[in-house]
Each structure stands twice: as structure tokens, then as C-alpha cells.
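Descriptive structure summary
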Amino acid sequence: MKTEPEAFSLDDLAERGQEPWDGIRNYQARNFMRSMTPGDGVFIYHSRVLIPGIVGVADVRTSAHPDPTQFDSSCKYYDPNSKAETPRWDLVDVGFRGRLTSVVSLDELRRMSVFSDSPLIRKGNRLSILPITEAQWTAVLERVELV
DNA sequence: GCCAACGTTGGC
DNA sequence: GCCAACGTTGGC
């Protein structure tokens, strides 16, 4: 799951312990959240920084449920087209698990064979939530310590 | 249902 | 801060 640390960082997640991952307004990303199960491992990826990459580990704490911000007209995530009876946008709650001792950078991910097919490393990719494979999970955690 | 215009993402 | 890439919107 990607985040711009200026808006919400891994440290913010660590501080709060758990966070509803709201504001996702992309159908593909939403569908990936719908396929998540509590307990699933999550990599937290920092984007729009000097060295973009995976900085920490989290886990899924709830299954997908309607994102309340879509109904809040004062919120930037408000969606006037979403109806309470048929909510358009979902979120999952994400819990902090740990920090990586060093960033596994996008540059590094590009050089790892297990990521060669991942949209994550493709230019112009704008998906903020992407599935990862067991092999990707293992490969990243083999390179760094989780603390 | 096409597609131009627009808005947003995110690496650089 | 720039701008390529891409998803969404809405006129036709």
C-alpha cells in the first residue's frame, strides 16, 4: 500500500497503531482491498520522496467495509455519486507491524527478479494498492531486518 | 460507445 | 516543480 509520507507516513501508522485506509477512489485499488483478509501482510511504500520504496510492514486488521469519508460533504474524499444504500468505496483498517532497517528502494525492487512482472515497477503506474506474491514478500524481508 | 478534456499520481 | 502516464468524465 502506497502512501505519501507528507500526508500519512509509516511513523504516523506506528504512532496510531491502526488506521482506516480511507480515501481510495480507484476501482482497481478498491477491488484489491475487497480481496484482503484480516491477517494479510502489507508492505508500506513511501511515494513522492527522494528515495521511493518499501519502508515498513503492516497487516490487514478488518475486511473491506464502506469508507465513511465518501458520505462526508466537508471531506475532500466526498463522492456525491455514492449512495448510502450502495456505497461505492471501501476501506480496510491497517495495523502497524514494524519498520525496515533500511528502505528497499524502487530502484532495488526493479533489480529483483520477483518484481519483474509487478506493475509496481512499471513507469506511469498510478495504482496505490497492489497485490504482492509470497515470493516478493520473502525476497524483501530477506534483505533487511524488521524492527 | 467514442474520445477529448480534465484531474491526479508519482518518479524524477 | 515538472510533466508523462493514465483513469475518469461527459458531450456528442
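Definitions and cut-offs
Residues numbered from 1 in each chain as written. Chains lettered and ligands numbered in written order. Predicted model: local features only at pLDDT ≥ 70, side-chain atom pairs only at ≥ 80, totals over all residues. Heavy atoms only, no water. Pairing = 2+ DSSP bridges. Helix = DSSP H or I, 4+ residues; strand = E, 2+ residues; numbered from the N terminus. Contact = heavy atoms within 4.5 Å. Axes fitted to C-alpha atoms, helices over the stretch in contact; angles between N-to-C directions. Core = buried A, V, L, I, M, F, W, Y, C linked by side-chain atoms within 4.5 Å. Buried < 20%, exposed > 50% of the residue type's maximum accessible area, 1.4 Å probe, protein only. Near = heavy atom within 4 Å. Polar contact = N/O pair within 3.5 Å; in protein donor to acceptor, adjacent residues only side chain to side chain. Nonpolar A, V, L, I, M, F, W, Y, C, P; charged D, E, K, R; others polar.

1. Focus: the sheet that holds strand β4 (residues 53-60)
As a general point, the strands of a sheet are linked pairwise by backbone hydrogen bonds and lie either parallel or antiparallel. An order of β1-β3-β4-β7-β2 is seen for the five strands of this open sheet, with the pairing classed as mixed. Across the chains shown, the open sheet's two edge strands, defined by having one partner strand only, are β1 (2-3) and β2 (18-20). Of the pairings in the sheet, the one linking β1 to strand β3 (residues 41-46) comprises two bridges and is parallel in character. From the neighbouring strand, Thr3 faces β3, where its bridge partner is His46. Against the sheet, helix α4 (residues 134-143) contacts β3, β4 and β7 (93-105), and its axis sits at roughly 60° relative to β3.

2. Some words on the nonpolar core
In terms of nonpolar packing, the biggest core is built from 35 residues, with Met1, Leu109 and Val140 touching the most fellow members. No other element matches β4, which puts five residues into this core. The residues touching Met1, leaving out its near neighbours within four places in the chain, are Trp21, Met33, Met36, Val42, Phe43, Ile44, Tyr45, Val92, Val94, Ser128 and Ile129.

3. Quick word on the protein's contact with DNA strand B
Inspection of the region around DNA strand B gives Lys2, Tyr45, Ser47, Arg48, Pro52, Leu106, Arg110, Asn125, Arg126, Leu127 and Ser128 as its neighbouring residues. The share of sugar and phosphate among atoms of DNA strand B within 4 Å of the protein is 52%. In the model, a phosphate oxygen of DNA strand B is placed 2.7 Å from a nitrogen or oxygen of the Tyr45 side chain. Within the side chain of Arg110, one N or O atom sits 3.4 Å away from a phosphate oxygen of DNA strand B. Tallied by class, the residues present in the surface near DNA strand B amount to four nonpolar, three polar and four charged.

4. A look at the pairing of β3
Along β3, five of the six residues are buried, which leaves the element largely enclosed by surrounding structure. Taken together, the six bridges between β3 and β4 define a ladder with antiparallel strand orientation. The residue of β4 that forms the bridge with Tyr45 is Ile54. If you look at the hairpin formed by β3 and β4, you'll find six residues sitting between the two strands, and Arg48 has a positive phi there, around 55°.

5. Some thoughts on the protein's contact with DNA strand C
Around DNA strand C, the structure places Asn26, Tyr27, Arg48, Lys123, Gly124 and Arg126. Backbone atoms, meaning sugar and phosphate, make up 70% of the atoms of DNA strand C lying within 4 Å of the protein. Take Arg126: an N or O atom from its side chain is 2.8 Å from a base oxygen of DNA strand C. When its residues are assigned to classes, the surface near DNA strand C shows one nonpolar, two polar and three charged.

6. Some points on the environment of Glu6
Residue placement: Glu6 occurs in the loop between β1 and α1 (10-16). Separated by 43 residues in sequence, Glu6 and Val49 have C-alpha atoms that sit 8.8 Å apart.

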